[in-house]
Each structure stands twice: as structure tokens, then as C-alpha cells.
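Structural characterization, general
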Amino acid sequence: MDTYKTISKPSEPILFKERKSKFYGYCFPVSDEETIKAHIEALRKEYPTANHVCYAWQMGIETKSYRANDDGEPNNSAGMPIYGQLQSFDVTNTLVAVVRVFGGTKLGVGGLISAYKEAAKLALENAKIITKVLQKQVSVIFEYSEMDIVMRLVKKHQLNIISQDLHLKCKIVLSVNKSDFKKTVKLLKAHHKLETKEFD
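First things first, this report covers the structure right here in the doc. None of the values given here were measured: they were computed from a predicted structure.

The subject of this paragraph is the overall build of the protein chain. For the protein chain, the count of helices and strands is five helices and eleven strands. In terms of overall size, the protein chain is more extended than a compact globule, its C-alpha atoms giving a radius of gyration of 23 Å where 200 residues would be expected to give roughly 16 Å. Its C-alpha atoms give the protein chain principal-axis dimensions of roughly 75 × 30 × 25 Å. Per-residue burial for the protein chain yields a buried fraction of 42% across its 200 residues. Taking the contacts inside the protein chain whose residues are at least 6 apart along the sequence as the reference set, 69% of them involve residues at least 24 apart. Carbon and sulfur atoms make up 49% of the accessible area of the protein chain, which totals about 11,400 Å².

Here's what the structure looks like:
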């Protein structure tokens, strides 16, 4: 798998109403649990009258991890329906949070599941979902006299230069699509005057 889907920026909140209860849905791009904690705390401050801030997140590309939190709602009535939508939209490095402000009428477990699912779905529909290509990096070290050869390779194989340090001894860091990585490194190594170093 060479590509993955995520969201480009936090989405605008959506509001879903069910028997006077209000469900505010949010999506955030995330890469660590500290950021997730900060977003949830910010929502609790923003909605001091909210009874529950339920959420689910998924992170990672090749190995995914996730968490679903019911925040006091009946077991699996909020976090898992939200997580189900993350799976359905096939996004990662994404947090979906749904804030519930109680309207006085109990919805029952079935009603809660469908309300949290719908709010999460609307929030994800409202987010800008983008496809990213999985990339790996390799550094190439060479004498200045080899510059032409290296630049021709970069241009011919459409490699992305992440950084370059061009002196007598030059170093450039290239970003390569994961599926092309082995082939590209082999190509670079074929030029014995180029020294390559792969990043984990």
C-alpha cells in the first residue's frame, strides 16, 4: 500500500439534533496522543454544559492503532460508532470528537449509537480528506564534480529534494515513493561515486 487518506485541517463543527439533544461533530488531523488530549480538553472548555465529549481516533499508516472513548455514555454506544465511521471513510491520523448537550429526553442505547454515528459521519463529510503517498528518505553524498549526474537522475526519475547542502562535498536528501524506494536506491548505488544512506 503506497497511499493513505487523512484530513488536511480541522473541520468546521457540524450540529446534529436528536430529540432535543445536540451533537456537535469535529474532525482534527493528529499525530500523537498529546495533541488528542489537548483537543478534547479544549472542547470541554468550549462546551461547559456538555454532558459527554465522546471520541475515537486512528493513527499510523502501515501499522494502525486506535482508541474509542464513550466518556460516560453506555458501553460502546458512542466511541465505537464514531470509530466505525473512521473505518468507513478509511482515514488515519484523524480524531473525530462528538460533543453531546443533553436535551432532556433519553435516547436509549440504540438511539445513542445512531446519533453518534450520524454526527461522526457528517463531521467526516464536512472535512477535507486528502490522499497522501507513503514516502521514504535517502541521502546522497557526492563530490561536486558529480553534480550533473545526480541532478539528471533526480530530474529523470522525478525525485523530491527535501534538503541540499552543496559544497565541495555535497549532500542532498531525497524523498521517494515507498513502492519505488528499493529500485531508486539501487539506481543511485549503480553510480559508484555516490554514497547513499537510507533513513529508517
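One key point about sheets: their strands pair by backbone hydrogen bonds, in either a parallel or an antiparallel sense. With antiparallel pairing, the five strands of this open sheet are ordered in space as β2-β3-β6-β4-β5. Of all the strands in the sheet, the pair left with one neighbour each is β2 (14–18) and β5 (65–69). Across the sheet, the axes of successive neighbouring strands diverge by a mean angle of 15 degrees, strand direction being ignored. As judged from the seven bridges shared by strand β4 (residues 52–59) and strand β6 (residues 94–101), these two strands associate in the antiparallel manner. When the sheet's bridge partners are listed, C54 is paired in β6 with V98. Here helix α2 (residues 79–89) sits on the sheet and contacts β4, β5 and β6; the angle it forms with β4, its principal contact strand, is near 35 degrees.

All right, on to the packing of aromatic side chains then. Two descriptors summarise a pair of aromatic rings, namely the distance from one centre to the other and the angle between the planes of the rings. Applying the stated criterion to the full structure yields six aromatic pairs. Taking 6.3 Å as the distance between ring centres and 75 degrees as the angle between the ring planes, the aromatic pair formed by Y26 and Y47 counts as edge-to-face. You can see Y26 sitting in strand β3 (residues 21–29) and its partner Y47 sitting in the loop between α1 (33–46) and β4, a full 21 residues away along the chain. Each member of the pair, Y26 as well as Y47, is classed as buried. Through successive ring pairs, a cluster of aromatic residues spans Y24, Y26, F28 and Y47.

Taking strand neighbours across the sheet as the criterion, the four strands line up as β9-β10-β8-β11 in an open arrangement whose pairing is antiparallel. Every interior strand has two partners, whereas the edge strands, β9 (160–165) and β11 (195–198), have only one. The average angle at which neighbouring strand axes cross in this sheet is 20 degrees, direction not considered. Pairing analysis gives nine bridges linking strand β8 (residues 135–143) to strand β10 (residues 169–177), with the strands arranged antiparallel.

About the cut-offs
Residues numbered from 1 in each chain as written. Predicted model: local features only at pLDDT ≥ 70, side-chain atom pairs only at ≥ 80, totals over all residues. Heavy atoms only, no water. Helix = DSSP H or I, 4+ residues; strand = E, 2+ residues; numbered from the N terminus. Rg over C-alpha atoms; globule rule 2.2 N^0.38 Å. Buried < 20%, exposed > 50% of the residue type's maximum accessible area, 1.4 Å probe, protein only. Contact = heavy atoms within 4.5 Å. Areas by Shrake-Rupley, 256 points an atom, 1.4 Å probe, with all protein chains shown as cover. Pairing = 2+ DSSP bridges. Axes fitted to C-alpha atoms, helices over the stretch in contact; angles between N-to-C directions. Phe/Tyr/Trp six-rings, centres within 6.5 Å; stacked < 30°, edge-to-face > 60°.

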